[in-house]
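Given next are the chains, with one letter for each unit.
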Amino acid sequence: MNKAWWKEAVVYQIYPRSFMDGNGDGIGDLKGITSRLDYLQTLGVDVVWLSPVYKSPNDDNGYDISDYQDIMDEFGTMDDFDEMLREAHRRGIRIVMDLVVNHTSDEHRWFVESRKSRENPYRDYYIWKNPKEDGSAPNNWGACFGGSAWEYDEATNMYYLHLFSKKQPDLNWENAQVRKEVFDMMTWWCDKGIDGFRMDVISMISKTPEMPDGPVGDQGYGDFGPYSIHGPHVHDYLKEMNQKVLSKYDLMTVGETAGVTVEEAKRYSGEDGHELNMVFQFEHVESDGKYGKWSDQRIPLSFLKENLSKWQTELYGNAWNSLYWDNHDQPRAVSRFGDDRAEYREVSAKMLGTLLHMMQGTPYIYQGEELGMTNYPFQSKADFRDIESIHAYEDWVESGKVEHEDFWPCLLNKSRDNARTPVQWDDTKNAGFTQGNPWIQVNPNYTDINAKAELENPDSVFYYYQKLIKLRKEYPVIVYGKYELQLADDENIFAYTRTLDDQRIFVVCNYNQSRCNIQIPSEFSKAECLIANYERKCYEGTLELKPYEAFVLYHK
Ligand code: TEU
Ligand code: CA
């Protein structure tokens with residue numbers, strides 16, 4: 001297996017709107033990020049993935065870009081960006097940018113031109129189709145944020161495609177000119193000195209030209225998936241991107257590839273390096289739907305074990321994993337996979353950190369995860385800011401499909417806004433995030449859960465994460481070792497070994513609140529304990545594991 005810096009790195013995701021407000025307007029910004037770089041250095045992360053900071057009308061919080069080479073007014077200026085980049089590099093932290101090129105904003109000048117006339121030179125930058133004979137949309141596809149994926153445009157009597165909101169028209173990647181614009185723009189950022197790209201829904205850039213109807217789902221719309229995910233030319237386009245841009249710089253690249261299978265992942269991120277370094281797979285976070293993606297269930301251990309082990313085993317030596325529990329589109333890890341009740345929040349957050357960080361792949365920490373931040377107790381629809389959550393409530397409840405009582409717990413459990421409440425820095429007003437009015441509410445538990453308190457407490461989740469990161473740098477077996485699931489049928493324990501030459505680690509995590517027994521294999525009876533979330537003197541023989549107990553044993 002090839003060695004690479006991005007295989008040894010730990011990534012921290014910043015959602016700028018919610019990270020730190022530098023000027024008191026209630027919205028996180030670039031100066032705010034720069035002011036907290038010391039904190040990230042203390043944590044020990046190597047890379048920051050910055051969610052979009054480009055010019056945007058914020059229909060989808062920056063994932064709708066109106067100028068790829070300018071900064072969103074609310075986040076500051078290009079000078080602020082350059083300063084942040086410089087200050088990050090000075091601390092040995094690399095910056096990976098979000099690349100959102102499946103679609104632009106409808107306010108991007110390309111689209112403003114494109115919709116003017118059928119003859120406009122930018123017309124073919126987007127995907128336009130004639131109405132059906134009765135005037136209806138060209139096919140039955142539904143958009144990710146509700147409604148049809150087609151929007152009628154009166155000026156030219158045609159529809160344009162938008163897989164997300166109608167303010168996010170899809171770019172036409174079949175047009176060589178579009179690809180050239182995107183590659184030039186990427187080159188411009190690389191020349192500025194950025195260190196890589198996280199590529200938004202990159203698996204969707206190639207559509208089957210015929211665009212047939214998809215199988216009809218709960219909402220009455222057809223699924224575009226079979227004709228837009230891993231479409232006919234996606235690998236050609238990424239190879240071209242690699243050849244024309246990526247291969248010329250020392251970058252880290254990660255594709256957001258909803259719907260990816262192991263086989264597809266090997267194509268996107270094969271060791272041969274013709275496309276991307278790694279991809280995000282979604283199976284372990286998207287398997288729990290009750291109403292579409294909405295659900296109120298905790299993901300069962302048996303599923304996690306089987307699924308994560310599959311990715312660990314099948315990509316081994318072929319492609320590289322990215323490891324994550326949460327991000328800006330997912331609920332908080334400890335609330336979803338752990339237990340956020342006061343008694344268990346810290347131990348279960350540490351257990352989840354152990355389970356993930358000892359696996360093979362590059363770990364991603366979503367802002368606040370290192371503090372064990374929790375989901376937000378939303379009270380009513382008015383508390384939501386996220387376009388997806390608001391539309392979901394309208395489409396499921398206000399339409400009369402489902403009772404409020406049935407849907408509400410699912411929305412609470414999975415809303416993207418759970419991840420988007422401000423980072424809790426201290427116990428002063430607004431958790432120290434802003435002096436103004438925050439754009440989204442601060443979780444009321446900030447008086448207990450905040451960075452300042454955790455930095456003062458050697459047993460905090462923060463220092464546990466710091467140690468996990470440090471261990472990865474000290475023990476090559478954590479980066480490169482071969483994974484093997486242990487105790488496959490145990491109903492409480494997620495255990496596995498990693499092996500690199502004569503080095504072995506044994507990772508033990510009690511996923512549940514119930515106590516349970518484990519027999520430590522004699523091979524590990526004289527082993528060293530690298531990290532643990534409870535104090536325990538001896539790791540030999542039969543142990544009774546406490547709720548959410550986790551530890552890692554090492555020998556060589
Ligand atoms: O998300 C892509 C994606 O696949 C979404 O459907 C995601 O699964 C959904 O938000 C979860 O319900 C990316 C970005 O991460 C997201 O923030 C954007 O809204 C979306 O693309 C459009 O750019
Ligand atoms: Ca601000």
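Thresholds applied
- Residues numbered from 1 in each chain as written.
- Chains lettered and ligands numbered in written order.
- Predicted model: local features only at pLDDT ≥ 70, side-chain atom pairs only at ≥ 80, totals over all residues.
- Heavy atoms only, no water.
- Pairing = 2+ DSSP bridges.
- Helix = DSSP H or I, 4+ residues; strand = E, 2+ residues; numbered from the N terminus.
- Near = heavy atom within 4 Å.
- Polar contact = N/O pair within 3.5 Å; in protein donor to acceptor, adjacent residues only side chain to side chain.
- Areas by Shrake-Rupley, 256 points an atom, 1.4 Å probe, with all protein chains shown as cover.
- 1 Å grid on protein atoms, 1.4 Å probe; cavity = no way out; pocket = protein on both sides within 12 Å on 5 of 7 lines; lining within 4 Å.
- Sits in = over half its atoms within 2 Å of the grid points.
- Nonpolar A, V, L, I, M, F, W, Y, C, P; charged D, E, K, R; others polar.
- Points joined across faces, edges and corners; volume = space filled by probe spheres on them.
- Axes fitted to C-alpha atoms, helices over the stretch in contact; angles between N-to-C directions.
- Parallel < 35°, antiparallel > 145°, perpendicular 65-115°, else oblique.
- Left-handed = near helix turned anticlockwise from the far one by under 90°.
- Contact = heavy atoms within 4.5 Å.

A.B. asks: Quick rundown of the sheet that holds strand 7 (residues 150–153)? Include the residues and the values.
C.D. replies: Strand order in the open sheet made by the 3 strands is 6-8-7, with antiparallel pairing throughout. The open sheet has two edge strands, strand 6 (128–129) and strand 7, and neither has a second partner.

A.B. asks: Give me the lowdown on the site of ligand 1, citing residues and values where you can.
C.D. replies: Surrounding ligand 1, one finds 18 residues, the nearest of these being Asp-60, Lys-293, Asp-329, Glu-388 and Arg-416. Here an oxygen atom of ligand 1 and a side-chain polar atom of His-103 are 2.9 Å apart. A distance of 2.5 Å separates an oxygen atom of ligand 1 from a polar side-chain atom of Asp-329. In the complex, the protein chains occlude 95% of the 490 Å² of accessible area that ligand 1 would expose alone. The cavity that encloses ligand 1 is the largest pocket. Considered class by class, the residues forming the shell around ligand 1 number 5 nonpolar, 3 polar and 10 charged.

A.B. asks: Could you give an account of empty space enclosed by the protein, with specific residues and numbers?
C.D. replies: Per the stated rule, a full pass over the model turns up 5 cavities of 30 Å³ or more. In this structure, the largest cavity spans a volume of roughly 80 Å³. What lines the largest cavity is simply Gln-281, His-284, Leu-308, Trp-311, Gln-312, Asn-321, Ser-322, Leu-323, Tyr-324, Leu-356 and Met-359. Contributing elements (two or more residues each) for the lining of the largest cavity: helix 10 (301–315) and strand 12 (320–323). Considering only residue class, the lining of the largest cavity consists of 6 nonpolar, 5 polar and no charged. Of the volumes computed, that of the second largest cavity is approximately 60 Å³. Asp-326, Ala-333, Val-334, Ala-349, Leu-352, Glu-369, Gly-372, Met-373 and Tyr-465 together form the lining of the second largest cavity. Elements with a minimum of two residues in the lining of the second largest cavity: helix 11 (333–336) and helix 12 (345–357). Tallied by class, the residues present in the lining of the second largest cavity amount to 6 nonpolar, 1 polar and 2 charged.

A.B. asks: Explain the packing of helix 12 against helix 17 (residues 461–474) residue by residue, including any values.
C.D. replies: In contact at an axis separation of 10 Å, helix 12 and helix 17 are set at 15° when each is read in the N-to-C sense. Compared by their axis directions, helix 12 and helix 17 come out roughly parallel. Crossing geometry of helix 12 relative to helix 17 is assigned as right-handed. Across from Glu-346, Ala-349, Lys-350, Gly-353, Thr-354 and His-357 in helix 12, the residues of helix 17 making contact are Val-461, Tyr-464, Tyr-465, Leu-468 and Arg-472. Of the residues that constitute the contact of helix 12 with helix 17, the class distribution is 5 nonpolar, 3 polar and 3 charged.

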